[in-house]
Amino acid sequence: QVQLVESGGGLVQPGGSLRLSCAATGSTRYIKTMAWYRQAPGKERELVAGFTADGSADYADSVKGRFIITRDYDKNTMYLQMNKLKPEDTAVYYCNAQGTRWTDVLDYWGQGTQVTVST
């Protein structure tokens, strides 16, 4: 069992920055990949940025050059540094972790943190 808790969301002006954190607790040894998703009102949940099993990072085209994803393996924490924020970045941001335990596929989600970009 893995618990994911996001933090760092809030209200920011366009062009500003925020850093989101996702703290993983529990059976973190089974985690193979971690990623950030977001969901805006009336839209489907979309992948923002994530790590593959080999540790490489991938980004959605809409955030490339503005967002940076990092992971602290010692602290079991993933971060999303968001720069040059735009109103269209407004959404609930969710932390996701996936892994395997023998033949079982594991999929965990955090509760989400609200990011609002507005004047």
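Look above for the structure.
These numbers were taken from a predicted model, which means no experiment stands behind them. Here the residue numbering is sequential within each chain, running from 1 through the sequence in written order. Per-residue local features of the predicted model are confined to residues with pLDDT of at least 70, and side-chain atom pairs are confined, for both listing and counting, to 80 or more; whole-chain, interface and lining totals are unaffected and use all residues. As a convention, hydrogens and water are excluded, and side-chain values are obtained from all of the structure's heavy atoms.

A.B. asks: How would you sum up unusual backbone geometry? Please name residues and give values.
C.D. replies: Backbone geometry places Asn76, a non-glycine residue, at a positive phi of 50°. Put simply, DSSP H or I for four residues or longer makes a helix, DSSP E for two residues or longer makes a strand, and each gets a number counted from the N terminus. Within the secondary structure, Asn76 is located in the loop between strand 7 (67-72) and strand 8 (77-82). Residues other than glycine seldom take positive phi values, yet Trp102 does so here, at roughly 55°. Here Trp102 shows up in the loop between strand 9 (91-101) and strand 10 (104-109).

A.B. asks: Could you give an account of the pairing of strand 9, with specific residues and numbers?
C.D. replies: Strand pairing is assigned whenever DSSP identifies at least 2 bridges connecting the two strands. Relative to strand 9, strand 4 (residues 31-39) is paired through eight bridges, and the arrangement is antiparallel. Residue Thr33 lies in a different strand from strand 9, and its bridge partner there is Gln98. Bridging between strand 9 and strand 11 (residues 113-117) involves three bridges; their strand directions are antiparallel. Each bridged residue has a counterpart across the sheet, and for Tyr93 the counterpart in strand 11 is Thr113. As defined by bridge partners, strand 9 adjoins strand 10 across six bridges and the pair is classed as antiparallel.

A.B. asks: An account of the packing of aromatic side chains is requested, with residue identities and associated values reported.
C.D. replies: Paired rings are identified among Phe, Tyr and Trp, the last through its six-membered ring, by centres lying within 6.5 Å, and are further divided according to the angle between planes into stacked (under 30 degrees), edge-to-face (over 60) and tilted (the rest). Taken as a whole, this structure holds one aromatic pair when the rule is applied. Distance and angle both matter: a charge sits over a ring if NZ of Lys or CZ of Arg is within 6 Å of the ring centre and within 35 degrees of the ring normal. The ring of Tyr94 has Arg45 lying over it, and the distance from NZ or CZ to the ring centre is 3.8 Å.

A.B. asks: Any details on the state of the cysteines? Residues and values, ideally.
C.D. replies: For the purposes of this analysis, a disulfide is any pair of cysteine sulfur atoms at a distance within 2.5 Å. In this structure the tally under the stated criterion is one disulfide. Across the disulfide, Cys22 is cross-linked to Cys95 (sulfur-sulfur distance 2.0 Å). Torsion about the S-S bond of the Cys22 and Cys95 cystine: about -75°, corresponding to left-handed handedness. Separated by 73 residues along the polypeptide, Cys22 in strand 3 (residues 18-26) and Cys95 in strand 9 bring together distant segments of the chain. Both residues of the pair, Cys22 and Cys95, belong to the buried class. Residue burial is assigned from relative accessible area. The probe radius is 1.4 Å, only protein chains are included, and a residue is buried under 20% of its type maximum, exposed over 50%, and partly exposed in between.

A.B. asks: I'd like to hear about the pattern of salt bridges, residue by residue, with values.
C.D. replies: By definition, a salt bridge exists where a carboxyl oxygen of Asp or Glu is found within 4 Å of a side-chain nitrogen of Lys or Arg. Enumeration according to the criterion identifies four salt bridges in this entry. A salt bridge links Glu46 to Arg38; the nearest nitrogen and oxygen atoms lie 2.8 Å apart. For Glu46, a relative accessible area of 35% corresponds to the partly exposed category. Given a relative accessible area of 6%, Arg38 falls into the buried group. With a shortest N-O distance of 2.9 Å, Arg38 and Asp89 are connected by a salt bridge.

A.B. asks: So, the environment of Tyr94: which residues are in play, and what are the values?
C.D. replies: Checked against the element boundaries, Tyr94 lands in strand 9. Tyr94 has contacts with Glu6, Ala35, Trp36, Tyr37, Gln39, Arg45, Trp109, Gly110, Gln111 and Gly112, leaving out every residue within four places of it along the chain. The criterion used for residue contact is that any of the two residues' heavy atoms lie within 4.5 Å.

A.B. asks: Provide a residue-level description of the side chain of Thr33, including the pertinent values.
C.D. replies: Note that Thr33 resides in strand 4. The class of Thr33 is buried, set by a relative accessible area of 18%. When residues no more than four places from it in sequence are discounted, the contact partners of Thr33 are Phe51, Thr52, Ala53, Asn96, Ala97 and Gln98.

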